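Chain by chain, the residues run as shown.
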Amino acid sequence: MKSMKRLFIIIVLFCAATVGFAQSLQDNPDYQAALQLQKSAEEAYAAGDYDKADTYSAQAEELFNKVRLGSDNGGLKAQADALLKTLDERMSKLDMERANAEFPDQLTTAKTRQGAAKDAFDAEDFQQSINEAQAALAALDELDSLLAKASAGGEVVLPKYYVVRLVPGNRDCFWNIAGYPFVYGDPMKWKLLYDANKKKLPVPNDPNLILPKQVFEIPPIAGEKREGTYDPAKKYPALPKK
Amino acid sequence: MKSAIGFGLLSIALLFFSGCPTFDPLKDLPQTEYDTAQKYRARIEKFHFDQYAPDQFQAAESAFKSGEGNMKKDNLAAKKSLDEANADYKVVMQKGIAAARKIEDEQISAVREKADGIKASVAAETEYNAAQDAYDRAAKLADEENWEEAQPLFQEAKQKYESAYETAKAKKEKADAQFEKTKQAQDALNAQQGGAKTE
């Protein structure tokens, strides 16, 4: 969501810079000089003075490119500037003391990238500045996520075992169990569950036959920590999506 | 006896004053006319002018043969024949030069038009002017019937017009390529500006 917002801001700034530049194009002396040179080149060409035509046209090309590249830099500069401001704002809202204590590596990464973004901006390497600022914002996103998880009760722990229940209106089966958010949140992963527990089934080759009170092990699939047995009374976070 | 002696002396005196009736082959030899005819013949042969006036050439050749045959035999008749031959040779030369020049003019006109079409007089001014100069000199020499010097100058004029055309063509193509590059640069700028007006 934050990424979308950031992208939207970048697009708006870019469009504003583009429109502003288009309005000033007619007043751009280099652009006007290029048009004049182009006209002179055409006149020389018509008169048969191809050398002059070639020279004037090359000068016009150089000026068109100069205006375009100047404009490119202008657009990039605006983007980089906007990202640096966003970065400053995000940093100012960060709980530095806690981030430094709990996730110093992520904080260092964000600060290093922010510094690199500012250095690149000062060196007028706006594309590099944008790249670094985006990397710093990504590091901040990760830091925010880690802090939020830690605030929610420390490290996320999901259940390692599940006891088959008689759920009214929605019978337990490998498909449904795999779809529970605290299991895999994805019914398509039912076979992982089945493979890990088929020896416990009355008919191992029949995944459709499972019995209430059977205890199934839930193998971790994304490096998540799993322990204990699922407690319906307890709130579990969803398995983080990779 | 006295009268006989007087008659004899008178006869000797008349013979002395009226000239000797013996023939001198070198006296009145039309050598100049003969040399002129030979020069005409060499020029006509060199430039193949006989093809442009075959009748006159045949007449000239007959007269020349006749004149040559009478040389040192009947120098007066030889001179007359050689004069006739030279008159015909001159006509052959004039007609030949006129015909050859017409061909040169046509060829030069074609290559000059080609050069003018690409404005070579501006784009390759030096070469074009050199071509024009060579042509003017050639035309003047041709007017003077000096085809020996006129002909190579016509060739030179043609080559220089062709060279001027090639130079102008190369410059024009270079300018065309540059125009395309400039247009691409302008299009790129306009595309960047979202189709901003350029004029």
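What counts, and at which threshold
Sequence order as written defines residue numbering, which begins from 1 separately in each chain. Chains carry letters from A onward and ligands carry numbers from 1 onward, assigned in written order. Residue-level local features of this predicted model are given only where pLDDT is at least 70; pairs of side-chain atoms are given and counted only at 80 or more, and the full residue set underlies all totals for whole chains, interfaces and linings. Neither water nor hydrogens contribute to the side-chain values; these are computed over all heavy atoms in the structure. Runs of E in the DSSP output that reach at least two residues are strands. Runs of H or I that reach at least four are helices, and both are numbered from the N terminus. Residues are treated as being in contact if the distance between any of their heavy atoms lies within 4.5 Å. Note on areas: Shrake-Rupley, 1.4 Å probe, and residue coverage restricted to the protein chains presented here. Accessible-area loss on putting two parts together, using a 1.4 Å probe and summing over both, is the definition of buried area adopted here. Salt bridges, as used here, are contacts in which a Lys or Arg side-chain nitrogen is within 4 Å of a carboxyl oxygen on Asp or Glu. Here a polar contact is recorded for every N or O atom pair within 3.5 Å, except that within protein the pair must consist of a potential hydrogen donor and a potential acceptor, and residues adjacent in sequence are included only if both atoms are side-chain atoms. Under the scheme applied here, ten amino acids are nonpolar (Ala, Val, Leu, Ile, Met, Phe, Trp, Tyr, Cys and Pro), four are charged (Asp, Glu, Lys and Arg), and all others, including Gly, are polar. Working definition: with a 1.4 Å probe on protein chains only, accessible area under 20% of the residue-type maximum means buried, over 50% means exposed, and in between means partly exposed. Within this analysis, the arc is defined by the directions that extend from the helix axis to the C-beta atoms. Pairing of aromatic rings covers Phe, Tyr and Trp, the last through its six-membered ring, and needs centres within 6.5 Å; plane angles under 30 degrees mean stacked, over 60 mean edge-to-face, and all others mean tilted.

S.K.: For this particular structure, what's the right way to read the overall build of chain A?
M.R.: In terms of regular secondary structure, chain A is built from 8 helices and 4 strands. Moving toward the C terminus, one meets the helices and strands of chain A in the order α-α-α-α-α-α-β-β-α-α-β-β. For chain A, restricting intrachain contacts to residue pairs at least 6 apart in sequence, the fraction spanning at least 24 positions comes to 62%. Accessible surface for chain A amounts to roughly 14,000 Å². Of this, 56% is attributable to carbon and sulfur atoms.

S.K.: Honestly, the interface of chain A and chain B in this entry has me stumped. Any pointers?
M.R.: One widely used convention gives an interface's size as the accessible area the parts lose upon coming together. Each partner contributes residues to the interface: chain A has 29 residues there, and chain B has 25 residues. Where chain A abuts chain B, roughly 2,300 Å² becomes buried across the two surfaces, and 56% of that area is made up of carbon and sulfur atoms. Of all residues in chain A, A:Tyr45, A:Tyr50 and A:Asp54 give up the largest surface area on contact with chain B, accounting jointly for 27% of the area buried on that side. Linking B:Lys174 and A:Asp54 is a salt bridge whose minimum nitrogen-to-oxygen distance equals 2.4 Å. On the surface where chain A and chain B come into contact, there are 11 residue pairs in polar contact (both at pLDDT 80 or more). Looking at the side of chain A that touches chain B, the elements that each hand over two or more residues are α1 (2-25), α2 (29-47) and α3 (50-93) of chain A. When residues in the side of chain A that touches chain B are grouped by element, the largest group, 14 residues, is from α3(A). Its residues placed into classes, the side of chain A that touches chain B shows 15 nonpolar, 7 polar and 7 charged.

S.K.: Can you help me understand helix α8 (residues 190-197) of chain A in this one?
M.R.: Note that an α-helix has 3.6 residues per turn; residues three or four places apart therefore point the same way. A:Leu193, A:Tyr194 and A:Asn197 are the residues of α8(A) that are buried. Angularly, the buried residues of α8(A) cover 100 degrees about the axis, an arc narrow enough to put them on a single face.

S.K.: Mind showing me how you'd approach the packing of aromatic side chains here?
M.R.: In this description, an aromatic ring pair is defined by two values, namely the gap between the centres and the angle between the planes. All names here are of chain B. This model, assessed by the stated rule, comprises 22 aromatic pairs over all chains. Measuring from ring centre to ring centre gives 5.5 Å for Tyr34 and Phe64, while their planes differ by 20 degrees; the resulting arrangement is stacked. In this pair, Tyr34 sits in helix α2 (residues 31-47) while Phe64 sits in helix α3 (residues 54-70), placing the two residues 30 residues apart along the sequence. Just as Tyr34 is buried, Phe64 falls in that class too.

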